[in-house]
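# Results of the structural survey
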Amino acid sequence: MEAWFSLLAGLFFAAAVYLILSKHLIRTLIGIVLLGNAVNLTLLVAGRLTREVPPIIADGLDRLPGNAANPLPQALILTAIVISFSLFAFLLVLAYRAYRVLGTDDTDRMRFAEPVDEPAPPKGY
Amino acid sequence: MNSPIFRTVAPFLTSLMLLFSLFVLLRGHNAPGGGFIGGLVAVAALAIHGAAWGVETVRRAIVFHPLSIAAFGLFLSCIAGFASAAAGVPFMTGLWVTVHVLGSAVALSSVMLFDLGVYLVVVGALLAIVLALEEEEGV
Amino acid sequence: MIAGAADLTFLALSLPFVAACLAPVLFRLFGHRAAWLLALAPAVSFLHLAGFIAEVARGETVTGGYAWVPSYNLSFSWYIDGLALVFGLLITGIGVLVVLYAGGYLKGHPQQGRFFSFLMMFMGAMLGLVVSDSFLMLFVFWELTSITSFLLIGFDHERPAARRAALQALLVTGGGGLFLLAGLLMIWNIADVTQMSLLLSYGEVVKASPYYLAALLLVLVGAFTKSAQFPFHVWLPNAMEAPTPVSAYLHSATMVKAGVYLLMRLYPAMGGTPVWEILLPVFGGGTLLTGALMALRQTDLKLMLAYTTVASLGLLVLLVGFGSPYAIEAAVLYLVGHSLFKGALFMVAGAIDHGTGTRDLTRLGGLRRAMPVTFAAALLAALSMAGLPPFFGFLAKEEIYLALAAGNLRSILFTIVAVAGNALMFAAAFAVALKPFLGESRQTLKHPHEAPALMWIGPLVLALAGLAAALVSTAFHAAISSPMASAVRGEATAIAVGPMPHVGLPLALSAATILLGLAAYRLLDRLRDALARFFQALGPGPDQGFDEVLEALVACAVKVTRFVQPGRLDIYLSVTFAAVAAVLLLPLFLWGEAPSEPAFAWPSLSELAMLLIAVIGLAAVLVAVDRLTAIVALGIQGFAVAVLFLLFGAPDLAFTQFMIETLSVVILALVMTRLRLHASDRRPAGQRLADGAVALGCGLGLTLLLLKATEGVFDTALGDFFGSYSKVIAHGANVVNVIIVDFRGTDTLGEIAVVLAAGMAILALIRLGKTQKQSGK
């Protein structure tokens, strides 16, 4: 069963990378959303898949039954989802502001930090 | 959005969702839920309200600046962590007190306080983002 | 707490650093008179060290220290034998005089406090260098002297020449220090000790090691750069940009001797091998001749002295390398003598500069009446430098010729080199010390006047010390020179040479030196012109070479930076992800770790449906050309993932994912109205192909890695731990939530802090836009 989902995680990753490599800010952003999902799926699969039994200890029991899902990847993913959303929101606003200030959303033309004709450092002491 | 139906339904939806978010937060320790999820539900609720009645309405309704709420949440979480110092146990060790209210036992804990902090941070920070973007839309 | 002897020694050794901290305050309070107070620090250290003389003369050593990093045998420990003690006495003793001298020299300078702070820091570092027992501390102090020397040379940092000289000195000596570090680490590996005191008894092991040659060469680079051996000598004359007290102290008496100190220190462990006895004398002899010839070419007093210092350092290296017992004794005597007379002469040069406003030899003359005390000090020091009896320089010279003069070819060769070098230095000594004072008075910038007391105390005391040490030579040898020579050679040595000339070969050689020197002095002007033409004909020297290397280095750095950082995001990202793909894929195939063929067990119908929906969502995102499609497609894949979470027993995740997807779609919709999604991807077909290949590589790599990872047996220890204890200890049934808020609570605390920070940053970005818009209107 893990095999299918390994494949799915790989597909997510590939799609994310392809979009991120675009020179287009908005596509790059969408790629980052996909990248978050790819990572979450990877975590889930690496912690092994268990069908339908959530890691919740039933009343009257002291410990998790053996057939319950692995709780650790879930805890990792839960926080990862929120963090990647924060990152996404930040990047989205950053891209938006960069677009407003620089007048372009093409990363090739965003040369504010590293200008094309940067002068060489001064010689001498 | 000026749809009258949406405007009429929105307040009910929002209050129901807010109530639900608190419910999710409080039961989180023993059933699916918790601070993160509860916070997200609350944000969604208030975002809907904002979309229906305008961002200003929401800002008035929550009284405090969203980031203040988030900062207060972080403060609560830190307090929950440092409470263990007062009890002489390592940082973040959970402390439990059982209080009897009206004859039923209610378990209070520093962990609960921590989760409440998480809830407030998520509500505050994400709401700040969503409201700011909604406003930006209107400008 | 009662301070033990070790504590007192530690205090005495660190006193200069304390003084460095106090110096700025003292000078603000008392002006240049604070020099008297400041000189107390080295004076106390000097007296404390002088207290060890008797003990060390008996052949004992003073040790002690405090552990710093015990696991690496790193400690602030000192090992004071004859060698370290003499160096310590020179550093602190001359230090006292230099501090006083600098007080007069820099009187009224607005940055006095800073200067003295650097000077005391250097003193502390130099003292630490010579007493350190641990290799690593020796290295630390070694580099610290380079850094303080940089600060002192560049003290007058508003002049480009000073900046260049400072940088050059730092690069040459500091760079040499790195070679030294490598060499010391190799010795550490060979002998498995980190302490000098222990290393001394491992000489045979070190010399027999196959890595001996490499270690020696590395150490030699360190010593040669520091002690200004040809061709690394260029930095020393340039360092004359520093204020004269610095030249007198660092660049003649102490710091430049650090290389010689190192050679002497390592002599028992590494010396006496054929490589040692060839390399050192050859480099030393070459440096001696180059330095002496260059010295006579100069007209600037300080430059002349600087080149004679280079020559003297060459002579010292030659002697240490020559290796016979007499040679070591000669090196010891010459080292002490040189520190005394050269320090004095530098201070004289500074006093002349101070009194007349120029240091140009051709424009000075007849100062003997205007500056009688300075003249006396200059004369005494010059006679010692010239090697005339009964001065200390004579003793050293006698011993040098005693050491070198022998029948074999090597001895004859080096004797000729030494005689020639010494004769030239004789001429230089007289040129510096006599020329400005004798002859007719010349018109100078300032009306010549005697230097203030602060400025003649130093040279006079040093010059007199040179005379006194020679007059009581028996006692001096017993207390100072013999213990030092014993420490260098590693066996008891007694020096016998006295100030009274004895008829013999050394005396004849001395006489020859003096005659040659006198001839050179008489012909000085003609010699200078000839040398100038000669060096002109030789073409550019290592000094220009330094500039060219530095420029080439900067040009190279610019090229490399432009190549590595072309400033295009897509290139950075392509390289990054190509590297990710390579890291994921290569190990799988190169080391045969590819997963075996996976068992594609058929998933249940609902799972399959969700899989398909997710893939469809992905495909739709990839091909979307308008924003509605993109947003909807993004939502589809997100919700599909959420349902998958639910199917695999993760309701919390599913719930969170639903909410987050909703919010993502909302804010994306809010922003996308401004940021257009262009129909075309703007990528040419070739680019698409390359990007696609990288993306597929990444995806394939991740899939294979996951297949490989899930093949193995799963270690459930962590999951079991949380499952077993979350209810018993943490009183929670929802294990995921318990992990988040309790077991891993500190992580969560950090994460919500990040969420809050992201919120603040986003708000700031949005506000920024608004204020810009408003101010724009």
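Residues numbered from 1 in each chain as written. Chains lettered and ligands numbered in written order. Predicted model: local features only at pLDDT ≥ 70, side-chain atom pairs only at ≥ 80, totals over all residues. Heavy atoms only, no water.

## Some points on the overall build of chain B
Quick note on the threshold: Labels follow the DSSP assignment, with helices taken as runs of H or I lasting at least four residues and strands as runs of E lasting at least two, numbered in each case from the N terminus. Burial classification: accessible surface area is computed with a 1.4 Å probe over protein chains only, and a residue below 20% of its type maximum counts as buried, one above 50% as exposed, and the rest as partly exposed. When checking whether two residues touch, look at their non-hydrogen atoms; a contact exists if any pair is within 4.5 Å. Here the open area of atoms and residues is found with the Shrake-Rupley method and a 1.4 Å probe, where only the protein chains shown may cover a residue. Counted as positive: Lys and Arg. Counted as negative: Asp and Glu. His and the chain ends are not counted at all. A charge is said to be at NZ when it belongs to Lys, at CZ for Arg, at CG for Asp and at CD for Glu.
Each helix and strand counted, chain B has 5 helices and 2 strands in total. Seen in sequence order, chain B has helices and strands lined up from the N terminus as α-α-α-α-β-β-α. Considered along the principal axes of its C-alpha atoms, chain B spans approximately 55 × 30 × 25 Å. Out of the 139 residues in chain B, the part that is buried amounts to 48%. Put simply, 66% of the contacts in chain B that link residues at least 6 apart link residues at least 24 apart. Of the roughly 6,400 Å² that chain B leaves accessible, carbon and sulfur atoms contribute 76%. Between the centroid of the 4 positive side chains of chain B and the centroid of its 6 negative side chains there is a distance of 9 Å.

## Looking at helix H11 (residues 212-226) of chain C
All names here are of chain C. Threshold: One less than the residue count of a helix, multiplied by 1.5 Å, gives the span that helix is expected to have.
When the terminal C-alpha atoms of H11 are compared, their 21 Å separation across 15 residues agrees well with the 21 Å that a helix rising 1.5 Å per residue should span. H11 sits mainly inside the fold: 11 of its 15 residues count as buried. For H11, the set of buried residues is Tyr212, Ala215, Leu216, Leu218, Val219, Leu220, Gly222, Ala223, Phe224, Thr225 and Lys226. In the stretch just after H11, Ala228 is the one whose phi turns positive, near 55°.

## Examining the domain arrangement of chain C
Stated formally: By convention here, the domain bounds are inherited from an automatic or database domain assignment.
The domain boundaries assigned to chain C delineate domain 1 (1-178 + 235-264), domain 2 (325-522), domain 3 (568-595 + 682-712) and domain 4 (606-680). The straight-line distance from the C-alpha centre of domain 2 of chain C to that of domain 4 of chain C is 88 Å.

## Thoughts on the interface of chain A and chain C
Accessible area lost upon the coming together of the parts is a frequently used measure of interface size. We count it as follows: What counts as buried area is the accessible surface, traced by a 1.4 Å probe, that two parts surrender upon association, with contributions from both included. Here a salt bridge means any side-chain nitrogen of Lys or Arg lying within 4 Å of a carboxyl oxygen belonging to Asp or Glu. N or O atoms within 3.5 Å of each other form a polar contact, as long as, within protein, one can give a hydrogen and the other can take it, and as long as residues adjacent in sequence are counted only when both atoms are side-chain atoms. Only Asp, Glu, Lys and Arg are considered charged in this grouping, and only Ala, Val, Leu, Ile, Met, Phe, Trp, Tyr, Cys and Pro are considered nonpolar; every other residue, Gly among them, is considered polar.
Contacts between the two partners involve 92 residues from chain A, matched on the other side by 116 residues from chain C. Together chain A and chain C conceal approximately 9,300 Å² of surface at their shared face, both sides included; 71% is due to carbon and sulfur atoms. Summed over the shared surface of chain A and chain C, the number is 1 salt bridge. Asp570 of chain C is the partner of Lys23 of chain A in a salt bridge, and the nearest nitrogen-oxygen pair spans 3.6 Å. Applying the counting rule to chain A against chain C returns 9 residue pairs in polar contact (both at pLDDT 80 or more). Within the residue set of the side of chain A that touches chain C, elements represented by two or more residues are helix H1 (2-20), helix H2 (25-46) and helix H3 (71-102) of chain A. Top contributing element to the side of chain A that touches chain C by residue count: H3 of chain A, with 25 residues. Tallied by class, residues from the side of chain A that touches chain C come to 58 nonpolar, 15 polar and 19 charged.

## Concerning the environment of Leu383 of chain C
Residue and element names in this part refer to chain C. One can find Leu383 in helix H18 (residues 372-386). Sequence separation between Leu383 and Phe426 is 43 residues; the distance between their C-alpha atoms is 8.7 Å. Those residues in contact with Leu383 that lie beyond four places of it in its chain are Leu388, Phe391 and Phe430.

## A few points about unusual backbone geometry
Residue Pro231 of chain C is reached from Phe230 of chain C by a cis peptide bond, and omega for that bond is 0°. Here Pro231 of chain C shows up in the loop between H11 and helix H12 (235-238). Located in the positive-phi region is Arg48 of chain A, a residue other than glycine, with phi close to 70°. Tracing the chain through its elements places Arg48 of chain A in the loop between H2 and H3. Phi angles above zero are rare outside glycine, and Ala228 of chain C is one such case at about 55°. Checked against the element boundaries, Ala228 of chain C lands in the loop between H11 and H12. With a relative accessible area of 0%, Ala228 of chain C lands in the buried category.

## Focus: helix H29 (residues 651-672) of chain C
Counted at 1.5 Å a residue, the expected span for H29 of chain C with its 22 residues is 32 Å, and the 31 Å between its end C-alpha atoms agrees. Extensive coverage of H29 of chain C is indicated by the burial of 16 of its 22 residues.

## What about the nonpolar core?
The condition that has to hold: Only buried Ala, Val, Leu, Ile, Met, Phe, Trp, Tyr and Cys residues count toward a nonpolar core, and they belong to the same one when joined by side-chain atoms within 4.5 Å.
The biggest cluster of nonpolar side chains holds 200 residues, and the ones touching the most others in it are Leu199, Met264 and Met270 of chain C. The element that contributes the greatest number of residues to this core is helix H17 (residues 325-356) of chain C, accounting for 19 residues. Taken together, domain 1 (1-178 + 235-264) and domain 2 (325-522) of chain C each give at least three residues to this core, which thus spans both. Those residues in contact with Leu199 of chain C that sit more than four places away from it in its chain are Phe135, Ile187, Ala191, Val193, Val206, Leu266 and Ala269 of chain C. In this structure, Leu41 of chain A, Ile129 of chain B together with Ala640 and Ile740 of chain C belong to the second largest nonpolar core, which totals 132 residues.

## Looking at the packing of H2 of chain A against helix H30 (residues 685-711) of chain C
Helix-helix packing is characterised by the crossing angle of the two axes and by the distance between the axes. The following threshold applies: Note on method: axes are straight lines fitted to C-alpha atoms, helices fitted across the in-contact stretch only, with angles between N-to-C directions ranging 0 to 180 degrees. Small angles under 35 degrees read as roughly parallel and large ones over 145 as roughly antiparallel, with 65 to 115 read as roughly perpendicular and the rest as oblique. Take the far helix as your reference; a near helix turned counterclockwise from it by less than a right angle gives a left-handed crossing, and one turned clockwise gives a right-handed crossing.
With their axes 10 Å apart at the nearest point, H2 of chain A and H30 of chain C run at an angle of 20° to one another. Classified by the angle between their axes, H2 of chain A and H30 of chain C sit roughly parallel to one another. The way H2 of chain A lies across H30 of chain C gives a crossing that is right-handed. Taken together, the residues of H30 of chain C that come into contact with H2 of chain A (itself represented by Thr42, Val45 and Ala46 of chain A) are Leu702, Leu706 and Thr710 of chain C. Grouping the amino acids of the contact of H2 of chain A with H30 of chain C by side-chain chemistry returns 4 nonpolar, 2 polar and no charged.

## Considering the interface of chain A and chain B
In this complex, chain A contributes 8 residues to the contact, which on the side of chain B involves 8 residues. Surface buried jointly by chain A and chain B totals about 760 Å² across both partners, of which 87% is contributed by carbon and sulfur atoms. Scanning the region where chain A abuts chain B turns up 0 salt bridges. Tallied by class, residues from the side of chain A that touches chain B come to 7 nonpolar, 1 polar and no charged.

## A look at the UniProt feature "transmembrane region" (unreviewed entry) in chain B
Residues and elements named next belong to chain B. Heads up, the condition is: UniProt positions are given in the numbering used here, feature names are shortened, and annotations may be inferred rather than shown by experiment.
Those residues carrying the UniProt feature "transmembrane region" (unreviewed entry) are residues 12-29, 35-55, 67-91 and 111-133 in this numbering. Across residues 12-29, the secondary structure splits into 89% helix and 0% strand, with the terminal C-alpha atoms separated by 27 Å. Between the C-alpha atoms that bound residues 35-55 there is a distance of 24 Å. The span itself is 95% helix and 0% strand.

## Some details on the UniProt feature "domain: NADH:quinone oxidoreductase/Mrp antiporter transmembrane" (unreviewed entry) in chain C
Feature annotation in UniProt places "domain: NADH:quinone oxidoreductase/Mrp antiporter transmembrane" (unreviewed entry) on residues 132-415 of chain C, given in this structure's numbering. Taken end to end, residues 132-415 of chain C has its terminal C-alpha atoms 35 Å apart, with 76% of it in helix and 0% in strand.

## A look at the packing of helix H2 (residues 35-53) of chain B against H29 of chain C
Close contact between H2 of chain B and H29 of chain C brings their axes to 9 Å; oriented N to C, the two are set at 30°. For the element pair H2 of chain B / H29 of chain C, the angle class is roughly parallel. Seen from above, H2 of chain B lies across H29 of chain C with left-handed handedness. Contacts between H2 of chain B and H29 of chain C involve Ile37, Leu40, Val41, Val43 and Ala44 of chain B from the first element and Asp652, Phe655, Thr656, Met659, Ile660 and Leu663 of chain C from the second. Each residue belonging to the contact of H2 of chain B with H29 of chain C can be placed in one class, and the counts come to 9 nonpolar, 1 polar and 1 charged.

## As for the confidence of the model for chain C
We count it as follows: Residue-level confidence of the predictor is summarised by pLDDT, bounded by 0 at the bottom and 100 at the top.
Averaged over all residues, the pLDDT of chain C equals 86, while 97% of them reach at least 70. The ipTM for the predicted assembly is 0.91, set against a pTM of 0.73.

## Looking at the packing of aromatic side chains
Here the distance between the centres and the angle between the planes together describe a pair of aromatic rings. We count it as follows: Note on ring pairs: Phe, Tyr and Trp rings are taken, using the six-membered ring of Trp, and paired if centres are within 6.5 Å. Classes follow the plane angle, with under 30 degrees stacked, over 60 edge-to-face and the rest tilted. We count a charge as sitting over a ring when the NZ of a lysine or the CZ of an arginine lies within 6 Å of the ring centre and within 35 degrees of the ring normal.
Evaluation of the coordinates by the stated rule reveals 27 aromatic pairs over all chains. Each ring, one from Phe426 of chain C and one from Phe430 of chain C, has its centre 4.6 Å from the other, and the planes form 20°; the classification is stacked. Taken together, the positions of Phe426 of chain C and Phe430 of chain C, both in helix H20 (residues 409-433) and 4 residues apart, correspond to about one turn of that helix. Residue classification places Phe430 of chain C among the buried residues on the basis of a relative accessible area of 11%. When the centroid spacing of 5.3 Å and the interplanar angle of 65° are considered together, the rings of Phe534 of chain C and Phe535 of chain C count as edge-to-face. Of the residues examined, Phe535 of chain C reaches a relative accessible area of 13% and is grouped as buried. Taken together through their ring pairs, the aromatic side chains of Phe27, Phe115, Phe116 and Phe155 of chain C make up a single cluster. A cation over an aromatic ring shows up here: Arg7 of chain B above the ring of Trp53 of chain B, its NZ or CZ 4.9 Å from the ring centre. One cation-aromatic arrangement involves Arg410 of chain C over Phe322 of chain C; the distance from NZ or CZ to the ring centre is 4.4 Å.

## Remarks on a nonpolar patch on the surface
Residues and elements named next belong to chain C. We count it as follows: Each patch is built from residues lacking any salt bridge and having more than 30% relative accessible area; the joining distance is 9 Å for like charges and 5 Å for nonpolar side chains (Val, Leu, Ile, Met, Phe, Trp, Tyr).
Taken together, the side chains of Val25, Leu29, Phe30, Leu37 and Leu40 present a nonpolar region at the surface, about 470 Å² in accessible area. Tracing the sequence through the fold places Phe30 in helix H1 (residues 5-30). Overall, Phe30 belongs to the partly exposed group, its relative accessible area being 40%.

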